[in-house]
Amino acid sequence: MSERQESTLDEFGLIAKFFSRGGSSKSAWPSQGVGDDCAFLDVETTRIAVTADMMALGTHFLDDADPYKVGRKALAVNLSDLAAAGATPEAFFLSLAIPRVDQDWLEKFSEGLYYESNLYECPLRGGDTTKSAPVDGKSGKTVISICAMGELPMGQGMTRSGARPGDDIWVSGTPGDAYAALGTIWKEFSCGSKEFEYFKSRMDVPTPRVELGQHILGFATACCDISDGLVGDLKHILDRSGVSARLDWDKFPM
């Protein structure tokens, strides 16, 4: 017998293969299902947008990342998902696995977390903490999981599946900034110190487009957070909408 081969499925292939089964038809909270930035749950006269992201030091953050900025970014990426749905942030829940109690790290992390929470009026409402187990004799990693919730008008909410032939494609901000910082750190390319400082600020503290999402709700046909890259995330819209696209690089914001 040969050893089982590790799967080459990426995050989205894994979700599609194992976690996209339909829920019970008897559910009290109907939803549009899995595959968008947020799930929409209809509870009586209220539509709730829900998202969850899990991040680990050494994978989603550099091991020596500033804990204040880690706190800000951890919530910001979830608020970005709510923004892609057009939702108004209302609350979030934090689950935290840490190898040990480092009070200085936790103090700075919580400061960043609460700064972002207050900035977007999205309060912490609960969660859980646990100790991360060591692996191969090495200390366990810090893992952060946040579930954020927002509110939408009943019957509304942007998904990845509404794009139609003839739609224009718009993007906010200047995509590629965060990767410019990471590529410079990895020595894939280089830039000046002033430019690197800017790029790294975009990598460390992204800006969730909450207000923009609320403004385009109602006339945008589809929307997606592009934290995994413009082309890759645009493909999710194209696949779910059954359309193709043409990008005009001459008009690309840089």
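About the cut-offs
Residues numbered from 1 in each chain as written. Predicted model: local features only at pLDDT ≥ 70, side-chain atom pairs only at ≥ 80, totals over all residues. Heavy atoms only, no water. Axes fitted to C-alpha atoms, helices over the stretch in contact; angles between N-to-C directions. Helix = DSSP H or I, 4+ residues; strand = E, 2+ residues; numbered from the N terminus. Parallel < 35°, antiparallel > 145°, perpendicular 65-115°, else oblique. Left-handed = near helix turned anticlockwise from the far one by under 90°. Contact = heavy atoms within 4.5 Å. Nonpolar A, V, L, I, M, F, W, Y, C, P; charged D, E, K, R; others polar. 1 Å grid on protein atoms, 1.4 Å probe; cavity = no way out; pocket = protein on both sides within 12 Å on 5 of 7 lines; lining within 4 Å. Points joined across faces, edges and corners; volume = space filled by probe spheres on them. Buried < 20%, exposed > 50% of the residue type's maximum accessible area, 1.4 Å probe, protein only. Polar contact = N/O pair within 3.5 Å; in protein donor to acceptor, adjacent residues only side chain to side chain. Expected span 1.5 Å × (residues − 1). Salt bridge = Lys/Arg side-chain N within 4 Å of Asp/Glu carboxyl O. Pairing = 2+ DSSP bridges. Right-handed = clockwise from strand over helix to strand, strands pointing away.

A. Looking closely at the packing of helix α4 (residues 177-185) against helix α5 (residues 193-204). One can describe the packing of α4 onto α5 by two numbers: an axis separation of 7 Å at closest approach and a directional angle of 115 degrees. Judged by the angle between their axes, α4 and α5 are roughly perpendicular. α4 and α5 meet at a crossing whose hand is left-handed. From α4, Asp177, Ala178, Ala180, Ala181, Leu182, Thr184 and Ile185 reach across to α5, where they touch Phe196, Tyr198, Phe199, Lys200, Arg202 and Met203. Tallied by class, the residues present in the contact of α4 with α5 amount to nine nonpolar, one polar and three charged.

B. Just the layout of surface pockets, in detail. Quantified by volume, the second largest pocket comes out at close to 280 Å³. Along the walls of the second largest pocket sit 14 residues, with Leu57, Pro99, Arg100, Gly140 and Thr142 positioned nearest its centre. In terms of residue class, the lining of the second largest pocket is built from six nonpolar, three polar and five charged.

C. Summary view of the side chain of threonine 159. Of note, threonine 159 is situated in the loop between β5 (143-152) and α4. The exposure class assigned to threonine 159 is buried, which follows from its relative accessible area of 15%. Here serine 161 takes part through its side chain, which lies 3.0 Å from a polar atom of the side chain of threonine 159.

D. View of the environment of phenylalanine 196. In this structure, phenylalanine 196 sits in helix α5. What makes phenylalanine 196 partly exposed here is its relative accessible area of 23%. Taking the C-alpha atoms as reference, phenylalanine 196 lies 6.1 Å from alanine 181; in sequence the two are 15 residues apart. Setting aside residues up to four positions removed in sequence, phenylalanine 196 forms contacts with Ala181, Thr184, Ile185 and Cys191.

E. Geometry of helix α7 (residues 230-241). Given a rise of 1.5 Å per residue, twelve residues ought to cover 16 Å, and the 16 Å separating the end C-alpha atoms of α7 matches this to within 8%. Listed as buried for α7 are Leu230, Asp233, Leu234, His236, Ile237, Leu238 and Ser241. Downstream of α7 by a residue or two, glycine 242 has a phi angle that is positive, lying close to 70 degrees.

F. Here's a closer look at the pattern of salt bridges. A complete count under the given rule lists six salt bridges for this structure. Among the ionic pairs, arginine 47 bridges to aspartate 42, the shortest N-O distance being 2.7 Å. Between arginine 72 and glutamate 116 there is a salt bridge; the shortest N-O distance is 2.7 Å. In this pair, arginine 72 is assigned in helix α2 (residues 67-85) and glutamate 116 in helix α3 (residues 103-119), connecting sequence segments 44 residues apart.

G. View of the pairing of strand β1 (residues 39-43). Pairing geometry for β1 and strand β2 (residues 46-56), over five bridges, is antiparallel. Looking at the pairing, phenylalanine 40 lines up with alanine 49 of β2. Between the end of β1 and the start of β2, which pair antiparallel, lie two residues, with glutamate 44 showing a positive phi angle near 55 degrees.

H. The arrangement of the pairing of strand β3 (residues 88-98) in detail. Pairing geometry for β3 and β5, over nine bridges, is antiparallel. The residue bridging threonine 88 from the neighbouring strand is glutamate 151, located in β5. Relative to strand β4 (residues 124-131), β3 runs parallel, the two being bridged by seven bridges. If you follow phenylalanine 92 over to β4, its bridge partner there is leucine 124. In the classification by handedness, the crossover that spans β3, the intervening α3 and the parallel β4 is right-handed.

I. Molecular detail of the side chain of serine 132. You can see serine 132 is positioned in the loop between β4 and β5. According to the relative accessible area criterion, serine 132 is buried, its value standing at 11%. At 3.0 Å, the side chain of serine 132 forms a polar contact with the backbone oxygen of lysine 141. Filtering out sequence-adjacent residues up to four positions away, serine 132 remains in contact with Ala97, Ile98, Pro99, Gly140 and Lys141.

Nothing here speaks to function; it is geometry throughout.
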